[in-house]
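An overview of the molecular structure
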Amino acid sequence: MTLDSETRQYLTDTREEARTRLLTWFERYARELPWRDTTTPYQVWVSEVMLQQTQVETVRSYYRRFLGRFPTVQALAVASQEDVLKLWEGLGYYSRARSLHKAAQIIVNTHNGELPADITALRRLPGIGPYTAGAIASIAFGIPAPAVDGNVRRVMARILAMPTPSQALLEDAVGLWMPEDAAGPFTEALMELGATICSPRLPRCQLCPWQALCRARELGRQEAVPAPRPRKAIPHYDVAAAVTLRNTPNKASTDVLVAQRRQDDMLGGLWEFPGGKREAAESLPEALRRELREEMGIEIEVGESLTTVKHAYTHFRITLYAFICTLTNGDPRCIECQNFKWASTAEVRALPMAVTDRKIAGALEAWLEAPSSEVIDVSA
Ligand code: ADE
């Protein structure tokens, strides 16, 4: 789908007015965000990657901490993946962190440590898609390249009163309105408009600098455009996790078995309490015994329930049942993991883990501290 000549003409005729109105509004009403006062390419890149799937309010503190720890591309490139994942812990979509880290190494090794000021070269880096390339190119380098994320899509679909516009059409439309001499502010202002005024439901049209240019508003169809994407049913899985304690002389020094997920798996590189999905007709303890046999080559006894954690990922939901377990036979090895260790609770705290496993780790600490708990001695 491309812009028809009437729409193209409309955008061309309104270009100056659109630019002036938006940029004036942005100067006056832009929120203060930690990445707003920088055009340093590395900083813009880190912020845009964090903002890909995460709300502004959550990103603020992660962005500050990440740049505090890795202030330059070089610092990020030489860091260990575990350190990078640890700083990303809780932000989700961890492939973003793995890609950022890989891309930093490529930038140091093949681009002299500088992000390339070029859309095509940016696109070749891991984790940089069309949106992020456009955002970095325009904000950091002033290149008039469109960056169409979900917010911008909604704003422009409403301007054009198009319920299902293609990405290419929207990029064309943004490109027509984008000023050569203020590409960065225009990109940020457009995102700001989508985030603060042109909301999915009950858009605040009276406050919108583009209200007079908006065809959906003119038709009274601003809430119906863009058409909502059909939602797929989200499956639910029961998952069991083994908190396997090693024979230790006292419970203060209990070690627990943790495994590191394989690089290419979901949550790759993160540490977890090993386990897996319950199959139909399997009990949770049966599932857990099977998983530990398959993944780590050990036999375990499944004891009391430690905690239950619910979590929603993008494409499925899980209920995660954690059990206190004991090793009954075999020495752990990685059959379906990248690494494993027997770790103290202090060591577990320092490992990068997904939120679900972090909650289990918290429950374990509480369980170990509770006066009634006993550490199971498997040496007997
Ligand atoms: N969402 C994506 N990029 C953003 C930015 N630079 N500022 C605010 N929200 C954003």
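Report follows, based on the coordinates. What you see is a predicted model; the values in this text were computed from it and never measured. (Residues numbered from 1 in each chain as written. Predicted model: local features only at pLDDT ≥ 70, side-chain atom pairs only at ≥ 80, totals over all residues. Heavy atoms only, no water.)

1. Description of the packing of helix H1 (residues 5-29) against helix H11 (residues 183-196)
At a closest axis distance of 9 Å, the pairing of H1 and H11 adopts a crossing angle of 75°. Relative to H11, the element H1 is oriented roughly perpendicular. Residues Arg19, Leu22, Leu23, Trp25, Phe26 and Tyr29 of H1 touch H11, and the partners they reach there are Pro185, Phe186, Glu188, Ala189, Leu190, Glu192, Leu193 and Thr196. Its residues placed into classes, the contact of H1 with H11 shows 10 nonpolar, one polar and three charged. (Axes fitted to C-alpha atoms, helices over the stretch in contact; angles between N-to-C directions. Helix = DSSP H or I, 4+ residues; strand = E, 2+ residues; numbered from the N terminus. Parallel < 35°, antiparallel > 145°, perpendicular 65-115°, else oblique. Contact = heavy atoms within 4.5 Å. Nonpolar A, V, L, I, M, F, W, Y, C, P; charged D, E, K, R; others polar.)

2. Let's talk about the pattern of salt bridges
Opposite charge on two side chains makes pairing possible when the charged atoms of those side chains draw close. With the rule as written, the count across this model stands at 20 salt bridges. A salt bridge links Arg8 to Asp172; its shortest N-O distance comes to 3.6 Å. Of this pair, Arg8 sits in helix H1 while Asp172 sits in helix H10 (residues 167-177), and the two are 164 residues apart along the sequence. Asp255 is the partner of Arg246 in a salt bridge, and the nearest nitrogen-oxygen pair spans 3.2 Å. The exposure class assigned to Arg246 is partly exposed, which follows from its relative accessible area of 34%. Using a relative accessible area of 14% as the deciding quantity, one classes Asp255 as buried. Overlapping salt bridges, with partners in common, bring together Arg31, Arg36, Glu188 and Glu192 in one network. (Salt bridge = Lys/Arg side-chain N within 4 Å of Asp/Glu carboxyl O. Buried < 20%, exposed > 50% of the residue type's maximum accessible area, 1.4 Å probe, protein only.)

3. Topic: helix H9 (residues 150-160)
Owing to its 3.6 residues per turn, the α-helix brings residues three or four apart onto one side. By the criterion of burial, H9 is predominantly enclosed, with nine of the 11 residues buried. Contacts from the buried residues of H9 go to H1, H10, H11 and helix H12 (215-218). The residue sitting at the N-terminus of H9 and contributing the capping side-chain oxygen is Asp149; that oxygen lies 3.2 Å from the backbone nitrogen of Asn151. Positive backbone phi, approximately 50°, marks Ala161, located one or two places after H9. (Polar contact = N/O pair within 3.5 Å; in protein donor to acceptor, adjacent residues only side chain to side chain.)

4. Let's talk about the state of the cysteines
Counting across every chain of the model gives one disulfide. In this model, Cys334 is linked to Cys337 through a disulfide, with the two sulfur atoms separated by 2.2 Å. Taking the torsion about the sulfur-sulfur bond, which here is approximately -100°, the covalent link between Cys334 and Cys337 counts as left-handed. The thiol sulfur of Cys198 is not disulfide-bonded, and the nearest other cysteine sulfur, from Cys208, lies at 6.2 Å. For Cys325, which is in no disulfide, the shortest distance to another cysteine sulfur is to Cys337 and amounts to 16 Å. On the basis of relative accessible area, Cys325 is assigned to the buried category, the value being 0%. (Disulfide = S-S within 2.5 Å.)

5. With respect to the layout of surface pockets
In this model, the largest pocket occupies a volume close to 1,700 Å³. Taken together, 43 residues make up the lining of the largest pocket; nearest its centre are Asp149, Gly150, Asn151, Arg154 and Pro200. Counted by class, the lining of the largest pocket contains 17 nonpolar, 12 polar and 14 charged residues. If you add up the space inside the second largest pocket, you get close to 590 Å³. Among the elements of the structure, strand E1 (236-246), strand E2 (255-260), strand E3 (271-272), strand E4 (275-277), helix H13 (284-296), strand E6 (317-329) and helix H15 (355-369) are those that each provide at least two residues to the lining of the second largest pocket. Per-element accounting of the lining of the second largest pocket gives the leading share, four residues, to E1. Tallied by class, the residues present in the lining of the second largest pocket amount to 16 nonpolar, four polar and 10 charged. (1 Å grid on protein atoms, 1.4 Å probe; cavity = no way out; pocket = protein on both sides within 12 Å on 5 of 7 lines; lining within 4 Å. Points joined across faces, edges and corners; volume = space filled by probe spheres on them.)

6. Looking at the site of the ligand
Around the ligand sit Leu33, Trp35, Arg36, Glu48, Leu51, Val56, Tyr131, Glu188 and Met191, and that is every residue in its neighbourhood. Within the contact set of the ligand, a nitrogen atom lies 2.7 Å away from a side-chain nitrogen or oxygen of Glu48. Between Tyr131 and the ligand, the recorded distance is 3.0 Å, taken from a side-chain N or O atom to a nitrogen atom. If the ligand stood free it would expose 260 Å²; the protein chains cover 94% of that surface. Cavity membership is defined here by more than half of the atoms lying within 2 Å of grid points; on that basis the ligand lies in the largest pocket. Among the secondary structure elements, those contributing two or more residues to the shell around the ligand are helix H2 (41-51) and H11. Residue classes in the shell around the ligand are distributed as six nonpolar, no polar and three charged. (Near = heavy atom within 4 Å. Areas by Shrake-Rupley, 256 points an atom, 1.4 Å probe, with all protein chains shown as cover. Sits in = over half its atoms within 2 Å of the grid points.)

7. Here we look at the nonpolar core
By size, the foremost hydrophobic cluster in this structure holds 110 residues, and its most contacted members are Trp45, Phe66, Met156, Trp210, Val243 and Phe273. Split by domain, this core shows at least three residues from each of two domains, domain 1 (5-218) and domain 2 (236-377). Not counting residues within four places of it along the chain, the set of residues in contact with Val243 comprises Val256, Phe273, Leu306, Ala322, Phe323, Ile324, Cys325, Ile360 and Leu364. (Core = buried A, V, L, I, M, F, W, Y, C linked by side-chain atoms within 4.5 Å. Domains from an automatic or database assignment.)

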